[in-house]
Amino acid sequence: MGTGSGDISVGGPGETNRGSVTINGNKSVTANFDYIEYTLTVNTAGAFGTGTVTKNPDQATYHYGDVVQLTAVPGTGTVPYGRRML
């Protein structure tokens, strides 16, 4: 019975990845997956006033499907007046 190991190169994120193996004895295959990470940058803008936006959870990167709560905190004497997502 033949034995051995090796890598099967497959496509990148979001692609249907296919590989093949010839069955000529007992085999074991392990598929490894990693998360695709995204950053979330929050900016404040406005000609008058100041304020901040908090993120919860506040972390460096997020994964597909994560939910992040954004809270606008107006500075003294100001009010939030709109949002724009790019």
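Note that this is a predicted model, so its numbers are computed, not measured. (Residues numbered from 1 in each chain as written. Predicted model: local features only at pLDDT ≥ 70, side-chain atom pairs only at ≥ 80, totals over all residues. Heavy atoms only, no water.)

(A) Broad picture of the pattern of salt bridges. One pass over the structure, following the stated rule, counts 1 salt bridge. A salt bridge links D58 to K55, with the nearest nitrogen and oxygen atoms 3.9 Å apart. We classify K55 as buried; its relative accessible area is 19%. (Salt bridge = Lys/Arg side-chain N within 4 Å of Asp/Glu carboxyl O. Buried < 20%, exposed > 50% of the residue type's maximum accessible area, 1.4 Å probe, protein only.)

(B) Structural context of the confidence of the model for the protein chain. Averaged over every residue, the pLDDT of the protein chain is 80; the share at 70 or more is 69%. The secondary-structure element of the protein chain with the lowest mean pLDDT is strand β4 (residues 69-74), recorded at 90, while strand β3 (residues 62-63) shows the highest, at 96. (pLDDT = per-residue confidence, 0-100. Helix = DSSP H or I, 4+ residues; strand = E, 2+ residues; numbered from the N terminus.)

(C) Quick peek at the side chain of K55. Summarising the element assignment, K55 is placed in strand β2 (residues 51-56). A polar atom in the side chain of K55 sits 3.0 Å from the backbone oxygen of L40. Setting aside its immediate chain neighbours within four residues, K55 contacts L40, V42, Y62, V68, Q69 and L70. (Polar contact = N/O pair within 3.5 Å; in protein donor to acceptor, adjacent residues only side chain to side chain. Contact = heavy atoms within 4.5 Å.)

(D) The environment of T78, seen in detail. Here T78 shows up in the segment after β4. Taking the C-alpha atoms as reference points, T78 and T50, 28 residues apart in sequence, are found 6.9 Å from one another.

(E) The environment of E37, seen in detail. Here E37 shows up in strand β1 (residues 37-38). Once the C-alpha coordinates of E37 and Y62 are considered, the two residues, 25 residues apart in sequence, prove to be 5.6 Å apart.

(F) Seen up close, the environment of Q69. Structurally, Q69 can be placed in strand β4. By relative accessible area, Q69 is classed as partly exposed at 49%. On a C-alpha basis, the gap between Q69 and P57 in space is 7.2 Å, while along the polypeptide they are 12 residues apart.

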